[in-house]
Amino acid sequence: MDAANQLGSTAHPSSKPAVVHASAFTGTLGCHLARRLVEIGVSDVFSVPGDFNLTLLDHLIAEPGLNLIGCCNELNAGYAADGYARSRGVGACVVTFTVGGLSVINAIAGAYSENLPVICIVGGPNSNDYGTNRILHHTIGLPDFSQELRCFQTVTCIQAVVNNLDDAHEQIDTAISTALKESKPAYISISCNLPGIPHPTFIREPVPFLLAPKVSNQLGLEAAVEATAEFLNKAVKPVIVGGPKLRVAKAQKAFVELADASGYPVAVMPAGKGLVPEHHPHFIGTYWGAVSTCFCGEIVESSDAYVFVGPIFNDYSSVGYSLLVKKEKAIIVQPNRVTIGNGPSFGCIFMADFLSALAKKLKKNSTAMENYRRIFVPPGVPLKCENNEPLRVNVLFKHIQQLLSGETAVIAETGDSWFNCQKLRLPENCGYEFQMQYGSIGWSVGATLGYAQAARNKRVIACIGDGSFQVTAQDVSTMICSGQRSIIFLINNGGYTIEVEIHDGPYNVIKNWDYTGFVNAIHNGEGKCWTAKVHTEDELTEAIATATGEQKDSLCFIEVLVHMDDTSKELLEWGSRVSSANCRPPNPQ
């Protein structure tokens, strides 16, 4: 069971105690923090050293259960903690004061948007400098040390500035437990002179704290289930659509219970891909409005009742606000609230409790599933490539599909990879991650580093565009240094293709790199790394055979050269609708 599921249960990880290293315990703040991180499921911390965090890093290195991974920059360290949290349930990064904190903050904001508990630890000023009129380096030149704190207040669920040992124990424990309970990032600043000083509050090993279980209001739960069952049992062809908040609610198992019991077709919103089992016999694909999987959109939008479980309706997921769903037909199940059509709303009800209870009350109804099977036609196979014909993107993804198994995970970068990866059919236990709500280009490089470090039993397959790669390319170095064996498909089409389809301009064309040459230079003969540059399907087939054969234990970087206008039909449709939404004129005042 991953850390997130343990922490969401009544028993927390205390039901499976961490290994105790009593002889190594020195009764210091630094040692306490290190043990806490191990206890909650963190065994790798992503860091960038700076003078304010060096002593703290010494204590993290001294903890036998922790592995410190140095990243090339703070942004990637934050992205790596994000990717790590997606696999392990929690992640952590350590940076230095302000110059590091303000660099990592974009990644922390992305983790906040995706409901990921990332513990962001900052080495802060010496405790003696607080309350003085001194000006410190790494600040903007004012005797005010709160700038970084104020920036983090809007992208973390809790902030702790630890500059006094007397309450350090309480502040650290409160920050970590709050991040786990709320499934959001936490900010902890620790004065640089405190990690190594013994204090009575740290005199013994940390006692595992217990996260109080979330318990639904029983009367509200019964009322919500009764009203929902009545609504759905009257419907002729209801459907279920899973959304991205299934993760934060830890309700995937209950979702499957509902799908099994109801007989309804099961679709997934784009940002929920990977959270719903695609091998389920009732799975019909991705519901994404006009760019839905073939025949999925028609079944959902023609339904007379749809259950949206954990949805996020934004301009991207709604394809420029163009979904053809009606509120009066919808049941919206959020992590702690259920709303039925235009009617009642029930609070203090937790998603997993609700789905499990509802599964016991529904009449089986397979009408919509039968309709889907009647109209379904298997997707077309890409046209066969002629000899030496330039490689097409749809052919590339045909081969990526064949790579997938329960021992792989897919990381999809913002861009056309969103749409091409969305069409991949995920085998049982195949991981899948992308960042749709925040959509920060470059996220996938750090996320691949973090996810691969957390899930050593899976081979990560990352699909990254050339424009995104240029933002965060350096930490391929850290992947090699960490002995990772991911396969990175670098799709080189000469620019920011997703931006082109929203609004074109000369700013969307980028300087072309020799990407394989760049990675070879980073490799520099140290560690296991293999690269290839492919132009045709034959070259791609040969590269994949090498990556999965003789180079299966290496980081494999395959640069795929394709035409700049070779995009998915879904991106063309989605881009025009999002562009239309962006260009709406001001409402009359």
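Reading guide: rules and limits
- Residues numbered from 1 in each chain as written.
- Predicted model: local features only at pLDDT ≥ 70, side-chain atom pairs only at ≥ 80, totals over all residues.
- Heavy atoms only, no water.
- Helix = DSSP H or I, 4+ residues; strand = E, 2+ residues; numbered from the N terminus.
- Rg over C-alpha atoms; globule rule 2.2 N^0.38 Å.
- Buried < 20%, exposed > 50% of the residue type's maximum accessible area, 1.4 Å probe, protein only.
- Contact = heavy atoms within 4.5 Å.
- Areas by Shrake-Rupley, 256 points an atom, 1.4 Å probe, with all protein chains shown as cover.
- Lys, Arg positive; Asp, Glu negative; His and termini not counted.
- Charge placed at Lys NZ, Arg CZ, Asp CG, Glu CD.
- UniProt positions renumbered as here; feature names shortened; annotations may be inferred.
- Core = buried A, V, L, I, M, F, W, Y, C linked by side-chain atoms within 4.5 Å.
- Pairing = 2+ DSSP bridges.

### Focus: the overall build of the protein
Secondary structure summary: the protein contains 22 helices and 19 strands in total. A compact globule built from 589 residues should have a C-alpha radius of gyration of about 25 Å, and the protein, at 25 Å, falls within 12% of that. Overall, the C-alpha framework of the protein stretches about 70 × 65 × 60 Å when taken along its three principal axes. Here the protein, with 589 residues, has 56% of them falling under the buried criterion. Put simply, of all contacts in the protein between residues at least 6 apart along the chain, 75% involve residues at least 24 apart. When the accessible area of the protein is evaluated, it comes to approximately 23800 Å², of which 53% is carbon and sulfur surface. The protein carries 44 positive and 56 negative side-chain charges, and their two centres are separated by 8 Å.

### Observations regarding the UniProt feature "domain: Thiamine pyrophosphate enzyme central" (unreviewed entry) in the protein
Feature annotation in UniProt assigns "domain: Thiamine pyrophosphate enzyme central" (unreviewed entry) to the following positions: residues 225–343. Taken as a whole, residues 225–343 contains 25% helix and 20% strand, while its terminal C-alpha atoms sit 14 Å from one another.

### What to know about the nonpolar core
Formed by 99 residues in total, the largest nonpolar core has its most connected members in Phe46, Phe397, Phe469, Phe489, Ile558 and Trp574. Phe489 has contacts with Leu396, Ile400, Leu403, Ile461, Ala462, Cys463, Ile464, Leu540, Ile544, Ile558 and Val560, leaving out every residue within four places of it along the chain. Core analysis: the next-biggest nonpolar cluster, separate from the first, contains 35 residues, Ala235, Ile240, Val309 and Leu355 among them.

### Description of the UniProt feature "domain: Thiamine pyrophosphate enzyme N-terminal TPP-binding" (unreviewed entry) in the protein
The UniProt feature table records "domain: Thiamine pyrophosphate enzyme N-terminal TPP-binding" (unreviewed entry) at residues 29–133. Taken end to end, residues 29–133 has its terminal C-alpha atoms 27 Å apart, with 46% of it in helix and 20% in strand.

### Some points on the pairing of strand β7 (residues 239–242)
Burial along β7 is two-sided: Val239 and Val241 and Ile240 and Gly242, pointing in opposite directions, are all buried. In this structure, β7 lies alongside strand β10 (residues 306–309), joined through 4 bridges in parallel fashion. Across the sheet, Gly242 pairs through a bridge with Val309, a residue of β10. Looking at chain direction, β7 and strand β8 (residues 266–268) are connected through 3 bridges and run parallel. Counted as the bridge partner of Ile240 is Val266 from β8.

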